[in-house]
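Listed below are the residues making up each chain.
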Amino acid sequence: MRSADVLIVGGGIVGAACAREYARQGLSVAVVERAALGGGATAASMGHLLVVDAEDGGDASEFQLSQRSLRLWQDWLDESPAHAELAEHERCGTLWIAADAEELALAERKCAWLTARGLPAELLDAAALARLEPQLRPGLAGALRVAGDARVYPPKVAAAWLQQAKVQLIRGEVTAIDGASLRLADGRTLWGAMVVLCAGLASQRFLPPGCLLPKKGQLAITQRAPAAVSHQLVELGYIKKAHLAHEDTVSFNVQPRPGGQLLIGSSRQVGRSDAPLDLAMLRRMLQCAAGYLPGLPELSLLRCWSGIRPASADGQPLIGAHPELARVWLATGHEGLGITTSLASAELLADLSLGRAPALSPAPYAPARFVA
Ligand SMILES: Cc1cc2nc3c(=O)[nH]c(=O)nc-3n(C[C@H](O)[C@H](O)[C@H](O)COP(=O)(O)OP(=O)(O)OC[C@H]3O[C@@H](n4cnc5c(N)ncnc54)[C@H](O)[C@@H]3O)c2cc1C
């Protein structure tokens, strides 16, 4: 007997976005989740919604996916004023901080790239940056301000999207996928017209070897403090470091949370999928942040945690048909951008799997690229 039209494996932000999209198309959706809904990489993340440019080692396809997704995020926010409140959405904007003349030149290139595509971006000199964010250390060269970027609290959004989709929630661990059927660890078999695999890093279990790899990250959050910073502050070296294939890195990335807490990131450890905090990396990350925000060490940390980014071998998510299994579709491997790009990923996957003309070119994300 058919359990639902669409069987989705994984109730993270990507599975929730897919559930919502298929439900919008009038299909019945069941989500199979082995743990907490929105509790995987989704719960560990910063929830920064950012437009990605292609000026510093990135790829234009990341820009297209992020830009389309930010449009869809806005559509969802426009559906009801309650959505912004529920999501803890705030259009804080991003300041890409330039520490020196070389990084300022990069800020200029990024600014030109974004404005040429009609996106609001402005260059700040050192004095303007100091006026806007007086807690930053003196001597910085300037910044690029992208005012449209925002932040949300992703686990609450995932829960809301699943609720909107009126999904049938099935608790259990998927152990085998065979075409349009799923086998669960407790012996149950579920049937659907299609299966959508959104299991984050664990999707690797159902893929040819080497498609996905873990990139561990750590975050810390401070106590509430009177308005310390107002933008998401990111050092300009961040994306370059994020693309380093085999090195452990830390970057300055601080986000203001409601009530004045500061969320401090971030670290990247390629190939690490263990849960415990790595105290040496955490120390490096906090020292890096204090190098930009000298007042930071005066704030107590309330919590530190780690999460695993589900990265693909070439940095692009896998969105499209499973390379080997008919009627199985993939939306996974979003690394450090899955909150931002969840909605466009879901839209693209629904378009492809339902035989509609996609809004974006699917080629850069086609899972078949990993099969010789
Ligand atoms: C430290 C850190 C900071 C980040 N910051 C940002 C950010 O600021 N902005 C941004 O856009 N992105 C950010 N990300 C990336 C983002 O969090 C991920 O790309 C995104 O959450 C991936 O979502 P997902 O639904 O694919 O995976 P997950 O959230 O991991 O969800 C997968 C789900 O599948 C379930 N599952 C797995 N296997 C099975 C199985 N066999 N049976 C049943 N269920 C199963 C899991 O339990 C899990 O709930 C960050 C990530 C980290 C770690």
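Residues numbered from 1 in each chain as written. Predicted model: local features only at pLDDT ≥ 70, side-chain atom pairs only at ≥ 80, totals over all residues. Heavy atoms only, no water.

Chemist: Is there a simple way to think about the nonpolar core in this case?
Modeler: Soluble, globular proteins show a tendency: their nonpolar side chains are buried together. Core analysis: the largest hydrophobic core is formed by 41 residues, its most contacted members being I8, C18, Y22, W73, W161 and V196. For this core, the secondary-structure elements that each account for two or more residues are β1 (4–9), α1 (13–24), β2 (29–33), α3 (60–79), α7 (154–164), β11 (189–197), β18 (328–332) and α10 (338–353). Each residue touching C18, except ones within four places of it in the same chain, is listed here: I8, V196, C198, A331, A346 and L349. Formed by 27 residues, the second largest nonpolar core is a distinct cluster that contains L95, L233, F252 and L299. (Core = buried A, V, L, I, M, F, W, Y, C linked by side-chain atoms within 4.5 Å. Buried < 20%, exposed > 50% of the residue type's maximum accessible area, 1.4 Å probe, protein only. Helix = DSSP H or I, 4+ residues; strand = E, 2+ residues; numbered from the N terminus. Contact = heavy atoms within 4.5 Å.)

Chemist: Would you take a moment to explain unusual backbone geometry for this structure?
Modeler: Comment: phi is negative for the bulk of residues other than glycine, and the bulk of peptide bonds are trans. Looking along the chain, the bond that leaves G265 and enters S266 is cis, with omega of -15°. Tracing the backbone through its elements, the reader meets S266 in strand β15 (residues 262–270). One non-glycine residue, K166, lies in the positive phi region at around 50°. Relative to the elements of secondary structure, K166 occurs in the loop between α7 and β8 (168–171).

Chemist: What is the right way to look at the site of the ligand in this model?
Modeler: In the region of the ligand, 36 residues are neighbours, and E33, T42, V174, E335 and T340 sit closest. The side chain of E33 places a nitrogen or oxygen atom 2.6 Å from an oxygen atom of the ligand. The contact in question runs from an oxygen atom of the ligand to an N or O atom on the backbone of A41, over 3.0 Å. Elements with a minimum of two residues in the shell around the ligand: α1, β2, α2 (41–44), β16 (301–312) and α10. Its residues assigned to classes, the shell around the ligand comprises 17 nonpolar, 14 polar and five charged. (Near = heavy atom within 4 Å. Polar contact = N/O pair within 3.5 Å; in protein donor to acceptor, adjacent residues only side chain to side chain. Nonpolar A, V, L, I, M, F, W, Y, C, P; charged D, E, K, R; others polar.)

Chemist: What exactly am I supposed to notice about the pairing of strand β9 (residues 174–178) here?
Modeler: Each regular strand carries side chains that alternate between the two faces of the sheet. Here β9 runs beside strand β10 (residues 181–184); their pairing, made up of four bridges, is antiparallel. Residue pairing in the sheet places V174 in a bridge with L184 of β10. Counting the residues between successive antiparallel strands, the hairpin from β9 to β10 contains two residues, one of them, G179, with a positive phi of roughly 60°. (Pairing = 2+ DSSP bridges.)

Chemist: I would appreciate a short explanation of the environment of E33 in the present structure.
Modeler: Among the structural elements, E33 can be located in strand β2. You can call E33 buried: its relative accessible area is 11%. Linking E33 and V174, residues 141 residues apart in sequence, is a C-alpha distance of 8.2 Å. For E33, the residues in contact, after removing those within four places along its chain, are G10, G11, G12, L169, I170, R171 and G172. Within the local environment of E33, its side chain forms a polar contact with the backbone nitrogen of G11, the two atoms lying 2.7 Å apart. A polar atom in the side chain of E33 sits 2.8 Å from the backbone nitrogen of A35.

Chemist: Got a minute to help me understand the packing of α1 against α7 in this structure?
Modeler: If you want to describe how two helices pack, look at the angle between their axes and the distance between the axes. Where α1 contacts α7, the two axes come as close as 8 Å, and the packing angle between them is 25°. As the angle between them shows, α1 and α7 are arranged roughly parallel. Helix-helix and strand crossings are classified by hand; for α1 and α7 the assignment is left-handed. The segment α1 lies against α7, with I13, A16, A17, A19 and R20 engaging P154, V157, A158, W161, L162 and Q164. Class assignment for the residues of the contact of α1 with α7 results in nine nonpolar, one polar and one charged. (Axes fitted to C-alpha atoms, helices over the stretch in contact; angles between N-to-C directions. Parallel < 35°, antiparallel > 145°, perpendicular 65-115°, else oblique. Left-handed = near helix turned anticlockwise from the far one by under 90°.)

Chemist: How should α1 be read in this particular structure?
Modeler: Helical geometry note: an α-helix holds 3.6 residues per turn, so side chains three or four residues apart project in the same direction. An ideal rise of 1.5 Å per residue puts 16 Å on twelve residues; α1 measures up with 16 Å between its terminal C-alpha atoms. Those residues of α1 lying buried are I13, V14, G15, A16, A17, C18, A19, R20, E21 and Y22. At the C-terminal side of α1, G26 shows a positive phi close to 85°. (Expected span 1.5 Å × (residues − 1).)

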